[in-house]
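Letter by letter, the chains look like this.
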Amino acid sequence: LIQLDLDYFKQINDTYGHAAGDQVLRKAATICQNQIRTVDTLGRIGGEEFAIILPETECASAYQLAERIRHVLAETIILFDNKELHVTASFGVAMLQPEDPDLDTALQRADKALYAAKNKGRNRVEMAPSPATKRTHSSTI
């Protein structure tokens, strides 16, 4: 799954107003929707944060999709009230693991990766490390 957060979104609302922020949110959602498959699910988690669930997707493919969305978003000019708005996003990518009790566990990993992307300068994609898997040893008699 991919979690993304628009960078410096509060500045858009504060500078241009909430109508501009709404326009940016709609455009970001459209960009994401245009990049994903029909089996994928895009949802707004809240504020300027979105998540994309990618069933049966390898880690490398999820990362490539996040990079593609990041690129398209960064290159898009959003027109609002005769002004050109530019926006970027930070991304966290995590794999749902068989030992995860629920989707929230993977979302928490993606969220940590997203904040790592923000801490490393924003407008980037970070992969969440896979959780350590428990290994059990059995012996035969």
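Treat the numbers as computed from the prediction; the structure is a model and nothing was measured. Residue positions are counted from 1 within each chain, in the order its sequence is given. Totals for whole chains, interfaces and linings use every residue, but because this is a predicted model, local features are given only for residues with pLDDT of at least 70 and side-chain atom pairs only at 80 or more, for both listing and counting. Computation of side-chain values: all heavy atoms of the structure, hydrogens and water removed.

Visitor: Please set out the overall build of the protein chain residue by residue, giving values where relevant.
Guide: The secondary structure content of the protein chain amounts to 4 helices and 7 strands. For the protein chain, the spread of C-alpha atoms along the three principal axes comes to 80 × 30 × 20 Å. Accessibility here uses a 1.4 Å probe with only protein chains present; expressed as a share of the type maximum, an area under 20% marks a residue as buried, one over 50% as exposed, and anything in between as partly exposed. Buried residues in the protein chain amount to 38% of all 141 residues. A contact between two residues is defined here by any heavy atoms of the two lying within 4.5 Å. When contacts within the protein chain are restricted to residue pairs at least 6 apart in sequence, those whose partners lie at least 24 apart make up 60%. In this count, Lys and Arg are taken as positive residues and Asp and Glu as negative ones, while His and the chain termini are left out. Charge placement uses NZ in Lys and CZ in Arg. For Asp and Glu, CG and CD serve respectively. In the protein chain, 16 side chains carry a positive charge and 19 a negative one; their mean positions are 3 Å apart. In DSSP terms, a helix is any run of H or I states spanning at least four residues, a strand is any run of E spanning at least two, and both are numbered starting from the N terminus.

Visitor: Tell me what's going on with the pairing of strand β1 (residues 2-6), and back it up with residues and numbers.
Guide: Across the 5 residues of β1, 5 count as buried, placing the element largely inside the fold. Of the two faces of β1, the one holding Ile2, Leu4 and Leu6 and the one holding Gln3 and Asp5 are both buried throughout. Two strands pair under a simple rule: DSSP has to find at least two bridges between them. As paired strands, β1 and strand β3 (residues 49-53) are joined by 4 bridges and run antiparallel to one another. Bridge assignment links glutamine 3 to a residue of β3, and that residue is alanine 51. Note that β1 and strand β6 (residues 89-93) share 5 bridges and pair antiparallel. Residue pairing for β6: isoleucine 2 is matched across the bridge by valine 93.

Visitor: Help me get a handle on the confidence of the model for the protein chain, residues and values and all.
Guide: The score called pLDDT rates the predictor's confidence residue by residue, from a low of 0 to a high of 100. The share of residues in the protein chain with pLDDT of 70 or more is 92%, and the mean pLDDT across the chain is 92. This model gives residues 133-141 a pLDDT under 50, and the stretch forms 1 contact once residues within four places in sequence are excluded.

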